[in-house]
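# Per-entry structural report
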Amino acid sequence: MSLDKAAVRAIAELARIEVRDEELDHLAGELSGILHFVEQLAEVNTDGVPPMSSVADLTLPMRADVVTDGGQFAAVLANAPDGVVEDHGGFFTVPKVVE
Amino acid sequence: MIIQGDTGDWEIVIGLEVHAQVISNAKLFSGAATAFGAEPNDQVSFVDAGFPGMLPVINEKCVEQAVRTGLGLKAQINLTSVFARKNYFYADLPQGYQISQYDMPIVGEGTLLIDLPDGSTRAIGIERLHLEQDAGKSIHDMHPSKSYIDLNRSGVALMEIVSKPDMRSPEEAGAYLTKLRTILRYLGTCDGNMQEGSMRCDANVSVRPVGSTDLRTRCEIKNVNSIRFVQQAIEYEARRHIDVYENGGEIKQETRLFDSVKGETRSMRSKEHAHDYRYFPDPDLLPLVISQDLVDGIKATLPELPDEKKARFMAEYGLNAYDAGVMVAEKDSADFFEAVAKGRDGKTAANWVMGDFFATMNSDAKYTWTNPPVSAENLGKMIDLIKDGTISTRLAKDVFIFMVETGKDPATIVEEKGLKQVTDTGAIEKAIDEVFAANPDKVAEVKAGKDKLMGWFVGQVMKATQGKANPGMLNELIAKKFKE
Amino acid sequence: MSELTKLTIAQARDKMAKGEFTAVELTEAHIKAMEAKRDLGAYIVETPDLAREQAKASDLRRQAGQAGTLEGIPLGIKDLFCTKGVQTTAASRILEGFKPQYESTVSGKLLDAGSIMLGKLNLDEFAMGSSNMTSYYGKVTNPWKSKSDAAKQLVPGGSSGGSAAAVAARIAMGATGTDTGGSIRQPAAFCGITGIKPTYGRCSRWGIVAFASSLDQAGPMARDVRDCAIMLGAMAGHDPKDSTSAPMPVPNFEAALTGDIRGLKVGIPKEYRPDGLSDEIQKVWEQGIEWLKEAGATPVEISLPHTKYALPTYYIVAPAEASSNLARYDGVRFGLRVEGSSLDDMYKKTRAAGFGAEVRRRIMIGTYVLSAGYYDAYYSKAQKVRRLIADDFRRAFENVDVILTPTAPSAAFGMDENTDDPVTMWLNDVFTIPTSLAGLPGLSLPAGLNADGLPLGLQLIGRPFDEETVFKVAGVMESAAGFTATPEGV
């Protein structure tokens, strides 16, 4: 699969990474090269092989329904950009969203 | 419901996706509290806020609640299910993905019976139920150029309950939501409060010409926060589709928002981009495997559900389908009714509960199921007093009012207020004689064949006994007197 | 060069136990060495004041008879582990200034064992790389120099390049690493030290910045096998905060170093001789087989037929998981934010400025292989091949106790090499990636020097949760190899 500039732009959009137009050609070449490399998997017969999403031979452990966390807004907000505590009443901020 | 258009008749096809917040102490994958009303970003663990290196660990209660709900919907419980990441960027989605279930949900197909106004029921298919994380809240009106984000809700467990596209009218959609809410409340798995957002509904709406079996393009109407609005939104959306089709247009598959002030739906700007959620199994979570023993254990603790209760009320207490449906709509009302009706005449109990009791209950917000105007015990005792002839139904209305006012036992009220009905034949005959003596002309008229006046005599004697005369005996004795 | 920095962890432990010196003295010696070798670029953040404080507290604990297994030992922590109150960046601009309010389980366990933290070690950005050239905070230089070209700057390998360089240069007694496709083993080989990626699930991933969740594993990097065994003992253990953490007891790894490997069967995979494998690598591998034979083990040729597909499998699985794991770096709650005209504009500008080229490339590949219409052909296919690769190992381990392979196809290369094409760079991990995909323990130890005087590593691969056999065999090989070479000036 070779990716064209439009495909690269669409991927970058999905990944929310700004890509300048002049980078598109180079990126398309690079990403196509990688895809070409990984496409050798097509030659492996995987009929009837279930996908392996984890190597851990375990099932999901569960926690008890007990409140053990939270009540720590200062710690949660400590690294926030945009002065959330001083200027915005402890809310995180983003540019205004219009729904 | 059939909508007549300019080109012909149209049918509405509706499927509903309900997001029901699971009742649990802690969140789905973190130990932060689920309770409302905290300061912004206070009920938040670093897991909920998507901090680097944080990992999810599932809350067993949420799994049990999902199974419980699945059993309540007579649905397939999948002993193995898988959590997947649904990847998208949004301001209130801190991880950049929602942990949800995709091709292996915990609950598969089931059925929900909706109760229609004519007393009939209709089965609506449940497609699936899966567990997922709730997002945080975006608040758009607190700052001129910024949206504010509060993550207190982020990570609270949701059950997404997806129906099959089986509903054909806004009324059926309303009945589905009402019934689902009833079941969730019976099960104790969701409080079902749509105004507070603990139960949210997205409606998928399309239309098609009557007789067609194709599914046309649907639109999804997001987060409508009351059953009435869901119905309004569906009706508006269906008419919009018909207009578009009849004017030669095409419906675009999209997400729309209901504006309850204008009563219309509009395209959501933030959802304009086609989504590609890139689902894949969450590598931080292993497959969720539950045992049949766990499922059986939960099954053993299920309460009697509304459909079964309704059938039993009809069989055991002789209620009609409508009355039984009203009674079981809330578990509290069903329990109250049953406490009143147990060992008594069901219809009498139903009449009192649905009549004077509900009227009083609804007359003042101070009354709740934990603080009813009259206790079930007293209402039951009052019915006993009617049955044993201590008071008449008419007197009982007064006793009821006194019970509401004083909270006293009905027997005490009867005693104190002297409301005991007169069953002493001599006393009633004496009163009749007095009325006859005072009204010889009317007695003559009756004897001449004017039967209508009989009622007047009954009223007069009742008045003379302050309403306490046993009505049955009174009628009998007056008739006997005229025959003399 | 202080004598104290020349000691192994085990030696320092024993000497401190005898009262020959204090944790404060040992720590001071390392702080001095660390400051003298800043030109290596091994540390992103040095925490000398914190280290001195911790050393004092350590000496007090020892006096009180409460010494832990790593009491007073100064370590470096890879800057992928969240450390409470100390900047944690994953070598990315997007996390510049981020000070976690929590301590990763593994670094916390090391502190609980009495160790001292000297600082946060450099790495490839988000642990993506095999050269340590992709860090936003500068490249790391390998302390080893080529005899034929002493002016040439060599890479330390990656992604745990800062960890490997620091241990090799004696500016940390040991270091934490993480390994997703070879990130402990390949830099250990390049820098002439020992490192082990334990079985997936052996160490908690909680608090480690995630790269590829189904592959990431923390492990120790140290001067020798024993030191790795001691460190792993402190780092490992079940953590209820990590759902993939194995509920297994932690054995006494040090006790596994019995020196007796008689009767063990050592698998030699025939597929690990790709065309163009250098003679020197081939030679050191054969030498390794000889040593094991001499110690009474039996080499057995085995076949791991899907080996050649491990690299393409990895380069689908790891970027896919990474594309999702790195979505949280969005400028909202921590780290870099570049303001934008809309929410999406802010995301795009922040992530374009915050992530380096390799990270952006992998996010985009990962996004693509998961996207609608391509999932089955790429991601799902790769997960199926992954199972075949894991099955190869499972079958092999029915007949052998441990597997011996080279760690990397070459010795450390120059900073200007392998930079043109990402795929060529990835070939560095051709021997380590299969083990990662199968979740098995893999240890690299230095086995000799090449003609340029640069270290070459051999890898031992074990059964799941059988690090003990790996350590035991590694201990025997280490004795046989007698590897005592050090970089110049150490």
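Residues numbered from 1 in each chain as written. Chains lettered and ligands numbered in written order. Predicted model: local features only at pLDDT ≥ 70, side-chain atom pairs only at ≥ 80, totals over all residues. Heavy atoms only, no water.

### Points about the interface of chain C and chain A
Contacts between the two partners involve 65 residues from chain C and, on the opposite side, 48 residues from chain A. Broken down residue by residue, the surface that chain C buries against chain A is led by Lys348(C), Met364(C) and Arg387(C), which jointly contribute 14%. Seen at the junction of chain C and chain A, the total is six salt bridges. Between Lys348(C) and Glu13(A) there is a salt bridge, and its shortest N-O distance comes to 2.9 Å. Our count for the contact surface shared by chain C and chain A stands at 17 residue pairs in polar contact (both at pLDDT 80 or more). Counting residues per element, the ones that place at least two in the side of chain C that touches chain A are helix H9 (310-325), helix H10 (343-354), helix H11 (357-370), helix H12 (376-396), helix H13 (422-426) and helix H14 (433-438) of chain C. With 11 residues, the single largest contributor to the side of chain C that touches chain A is H12(C). Among the residues making up the side of chain C that touches chain A, the classes are represented as 32 nonpolar, 17 polar and 16 charged. (Contact = heavy atoms within 4.5 Å. Buried area = accessible area lost by both parts, 1.4 Å probe. Salt bridge = Lys/Arg side-chain N within 4 Å of Asp/Glu carboxyl O. Polar contact = N/O pair within 3.5 Å; in protein donor to acceptor, adjacent residues only side chain to side chain. Helix = DSSP H or I, 4+ residues; strand = E, 2+ residues; numbered from the N terminus. Nonpolar A, V, L, I, M, F, W, Y, C, P; charged D, E, K, R; others polar.)

### A short note on the sheet that holds strand S9 (residues 402-406) of chain C
Residue and element names in this part refer to chain C. Pairing is mixed in the open sheet, where 11 strands are placed in the order S1-S3-S2-S4-S6-S5-S10-S11-S9-S7-S8. Of all strands in the sheet, those with a lone pairing partner are strand S1 (43-46) and strand S8 (298-302), marking the two edges. Averaged over all neighbouring strand pairs, the angle between strand axes comes to 30 degrees, with direction disregarded. For strand S10 (residues 442-449) and strand S11 (residues 455-462), the ladder comprises seven bridges, and the chain directions are antiparallel. Following the sheet pairing, Leu443 is matched in S11 by Leu460. Sitting on the sheet, helix H3 (residues 48-63) touches S1 and strand S3 (116-121), and the angle it makes with S3 is about 155 degrees. (Pairing = 2+ DSSP bridges. Axes fitted to C-alpha atoms, helices over the stretch in contact; angles between N-to-C directions.)

### Some remarks on the nonpolar core
Soluble globular proteins: nonpolar side chains tend toward being buried together. By size, the foremost hydrophobic cluster in this structure holds 321 residues, and its most contacted members are Tyr176(B) and Phe126(C). A domain-level breakdown of this core finds at least three residues from each of domain 1 (2-297) and domain 2 (304-417) of chain B. The contact partners of Phe126(C), leaving out residues within four places of it in the chain, are Leu80(C), Ala90(C), Ser92(C), Ile94(C), Leu95(C), Val209(C), Phe211(C), Leu326(C), Tyr329(C), Phe355(C) and Val359(C). By size, the runner-up hydrophobic cluster in this structure holds 16 residues, among which are Ile428(B), Val435(B), Phe457(B) and Leu477(B). (Core = buried A, V, L, I, M, F, W, Y, C linked by side-chain atoms within 4.5 Å. Buried < 20%, exposed > 50% of the residue type's maximum accessible area, 1.4 Å probe, protein only. Domains from an automatic or database assignment.)

### Considering the packing of helix H13 (residues 440-447) of chain B against helix H14 (residues 453-464) of chain B
Residues and elements named next belong to chain B. Running from N to C, H13 and H14 point in directions that differ by 140 degrees, and their axes come no closer than 9 Å. Here H13 is positioned oblique relative to H14, judged by the angle of their axes. Seen from above, H13 lies across H14 with left-handed handedness. Where H13 approaches H14, its residues Lys442, Val443, Glu445 and Val446 are matched on the opposing element by Leu453, Met454, Trp456 and Phe457. (Parallel < 35°, antiparallel > 145°, perpendicular 65-115°, else oblique. Left-handed = near helix turned anticlockwise from the far one by under 90°.)

### Notes on the layout of surface pockets
All names here are of chain B. Counted as a void, the second largest pocket has a volume near 670 Å³. Along the wall of the second largest pocket there are 31 residues; nearest its centre are Asp115, Thr178, Gly325, Val326 and Ala329. Of all the secondary structure elements, the ones that give two or more residues to the lining of the second largest pocket are helix H2 (170-187), helix H3 (227-246), helix H5 (306-317), helix H6 (321-328) and helix H8 (346-363). Take the lining of the second largest pocket: its biggest share by element is nine residues, from H2. (1 Å grid on protein atoms, 1.4 Å probe; cavity = no way out; pocket = protein on both sides within 12 Å on 5 of 7 lines; lining within 4 Å. Points joined across faces, edges and corners; volume = space filled by probe spheres on them.)

### Re the confidence of the model for chain A
Here chain A shows a mean pLDDT of 93. Residues at 70 or above account for 99%. Looking at the elements of chain A, mean pLDDT is at its lowest for helix H4 (residues 84-88) of chain A, recorded as 88, and at its highest for strand S1 (residues 62-63) of chain A, recorded as 97. (pLDDT = per-residue confidence, 0-100.)

### Here we look at the pairing of strand S15 (residues 264-267) of chain B
Every other side chain in a regular strand lies on the same face of the sheet, so the side chains alternate between the two faces. Pairing geometry for strand S14 (residues 255-259) of chain B and S15(B), over four bridges, is antiparallel. Within the sheet, the bridge partner assigned to Arg256(B) lies in S15(B) and is Ser267(B).

### Overview of the packing of aromatic side chains
Here the distance between the centres and the angle between the planes together describe a pair of aromatic rings. All names here are of chain C. The full count for this structure, using the stated rule, is 43 aromatic pairs over all chains. With 6.3 Å between their ring centres and 50 degrees between their planes, Trp144 and Phe483 make a pair best called tilted. Of this pair, Trp144 sits in the loop between S3 and helix H5 (161-168) while Phe483 sits in the segment after helix H15 (467-481), placing them 339 residues apart in sequence. With relative accessibility at 21%, the residue Phe483 sits in the partly exposed group. Between Arg273 and the ring centre of Trp285, over which it is positioned, the NZ or CZ distance is 4.8 Å. (Phe/Tyr/Trp six-rings, centres within 6.5 Å; stacked < 30°, edge-to-face > 60°. Lys NZ or Arg CZ within 6 Å of the ring centre and 35° of its normal.)

### Overview of the packing of H9(C) against H12(C)
All names here are of chain C. Put simply, H9 and H12 touch, their axes get as near as 9 Å, and they point 125 degrees apart. By the angle class used here, H9 and H12 are oblique. Once H9 is placed against H12, the crossing between them reads as left-handed. Counted together, Ala310, Thr313, Ile316, Val317, Ala320 and Glu321 of H9 and Tyr378, Tyr379, Ala382, Gln383, Val385, Arg386 and Ile389 of H12 form the full contact between these two elements. By residue class, the composition of the contact of H9 with H12 is nine nonpolar, two polar and two charged.

### Considering the pattern of salt bridges
Here the structure, examined in full by the defined rule, presents 73 salt bridges over all chains. Put simply, Arg333(C) and Asp330(C) hold a salt bridge, and the shortest N to O gap is 3.2 Å. Arg361(C) is the partner of Glu358(C) in a salt bridge, and the nearest nitrogen-oxygen pair spans 2.3 Å. In this pair, Glu358(C) and Arg361(C) both sit in helix H11, three residues apart, roughly one turn of the helix. Side by side, Glu358(C) and Arg361(C) carry an identical accessibility label, which is buried. When salt bridges with common partners are traced through the structure, they connect Arg85(B), Asp282(B), Asp284(B), Arg205(C) and Asp242(C) into a single cluster.

### Here we look at unusual backbone geometry
For the bond running from Gly158(C) to Ser159(C), omega is 10 degrees, close enough to zero to count as cis. Along the chain, Ser159(C) falls in the loop between S3 and H5. Although it is not a glycine, Asn41(B) adopts a positive phi angle of roughly 60 degrees. Relative to the assigned elements, Asn41(B) resides in the loop between strand S2 (9-21) and strand S3 (58-59). What makes Asn41(B) buried here is its relative accessible area of 0%. Phi at Asn132(C) is positive, roughly 60 degrees, even though this residue is not glycine. Assignment of secondary structure puts Asn132(C) in the loop between S3 and H5.

### A closer look at the environment of Gln231(B)
With respect to the helices, strands and loops of the structure, Gln231(B) is situated in helix H3. For the pair Gln231(B) and Pro105(B), spaced 126 residues apart in sequence, the C-alpha separation works out to 28 Å.

### Topic: empty space enclosed by the protein
Counted under the stated rule, the structure contains six cavities of 30 Å³ or more. In this structure, the largest cavity spans a volume of roughly 80 Å³. Lining the largest cavity are Pro52(B), Gly53(B), Met54(B), Leu55(B), Tyr97(B), Asp284(B), Arg205(C), Ile208(C), Ala210(C), Asn325(C), Arg328(C) and Tyr329(C). Of the residues assigned to the lining of the largest cavity, the class counts are seven nonpolar, two polar and three charged.

### Observations concerning the interface of chain C and chain B
Facing the 38 residues of chain C at the interface are 30 residues of chain B. With both sides pooled, the region where chain C packs onto chain B buries about 2800 Å², and carbon together with sulfur makes up 59% of that total. Note that Asp284(B) is salt-bridged to Arg205(C), the shortest N-O span being 3.1 Å. If you look at where chain C meets chain B, you find 17 residue pairs in polar contact (both at pLDDT 80 or more). Of the residues belonging to the side of chain C that touches chain B, the class tally is 19 nonpolar, 10 polar and nine charged.

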